[in-house]
Amino acid sequence: QVQLVESGGGLVQVGGSLRLSCAASGRTFTVNAMGWFRQTPGKEREFVGGISWRYGTTNYEDSVKGRFTISGDSAKNTVYLQMSSLKPEDTAVYYCAADRIRLSKTPDYWGQGTQVTVSS
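Here's a quick rundown of the structure. (Residues numbered from 1 in each chain as written. Predicted model: local features only at pLDDT ≥ 70, side-chain atom pairs only at ≥ 80, totals over all residues. Heavy atoms only, no water.)

1. Looking at the sheet that holds strand β8 (residues 78-83)
Here is step 1: If you trace the 4 strands from one edge of the open sheet to the other, you get β1-β3-β8-β7, paired in antiparallel fashion. In this open sheet, the two edge strands, each paired with only one partner strand, are β1 (2-7) and β7 (68-73). In this sheet, adjacent strand axes meet at a mean angle of 15 degrees when their direction is disregarded. (Pairing = 2+ DSSP bridges. Helix = DSSP H or I, 4+ residues; strand = E, 2+ residues; numbered from the N terminus. Axes fitted to C-alpha atoms, helices over the stretch in contact; angles between N-to-C directions.)

2. What about the environment of Gln 112?
Here is step 1: Locating Gln 112 in the fold gives a position in the loop between β10 (109-110) and β11 (114-119).
Here is step 2: Relative accessible area serves as the criterion here: at 47%, Gln 112 is assigned to the partly exposed category.
Here is step 3: Separated by 109 residues in the primary sequence, Gln 112 and Gln 3 have C-alpha atoms spaced 9.3 Å apart.
Here is step 4: What Gln 112 contacts, discounting residues up to four positions off in sequence, is Leu 4, Val 5, Glu 6 and Tyr 95. (Buried < 20%, exposed > 50% of the residue type's maximum accessible area, 1.4 Å probe, protein only. Contact = heavy atoms within 4.5 Å.)

3. Details of the packing of aromatic side chains
Here is step 1: All chains considered together, the criterion is met by 3 aromatic pairs.
Here is step 2: With 5.4 Å between their ring centres and 75 degrees between their planes, Phe 37 and Phe 47 make a pair best called edge-to-face. Placement of the pair is Phe 37 in strand β4 (residues 33-39) and Phe 47 in strand β5 (residues 46-52), with a sequence separation of 10 residues.
Here is step 3: Classification of Phe 37 as buried rests on a relative accessible area of 3%. (Phe/Tyr/Trp six-rings, centres within 6.5 Å; stacked < 30°, edge-to-face > 60°.)

Pasting the structure below:
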């Protein structure tokens, strides 16, 4: 079992910045990839970006490229999501995710989520 705890959500103005953190605990030695998804009520959960510890790569959903940056420390099983130039459409609950192999639409582990609200 792996537990994921997100933090850093909140209210921010359009164009502002916010930094989310996710700390993993438990059987973290099984985790090879971590990342972020987001979900707005009534919509499907959407992949935002992820980092692969195994391959040393990051990837992002097109709408956040150039605005969001994922970083982390595999040894500490911690991942961050630095968000800038925030838009109202970025408003969502952001969920940290972890996977034993690579991130998919159904990761092995989910965090509880943290609310990000971007005011227009």
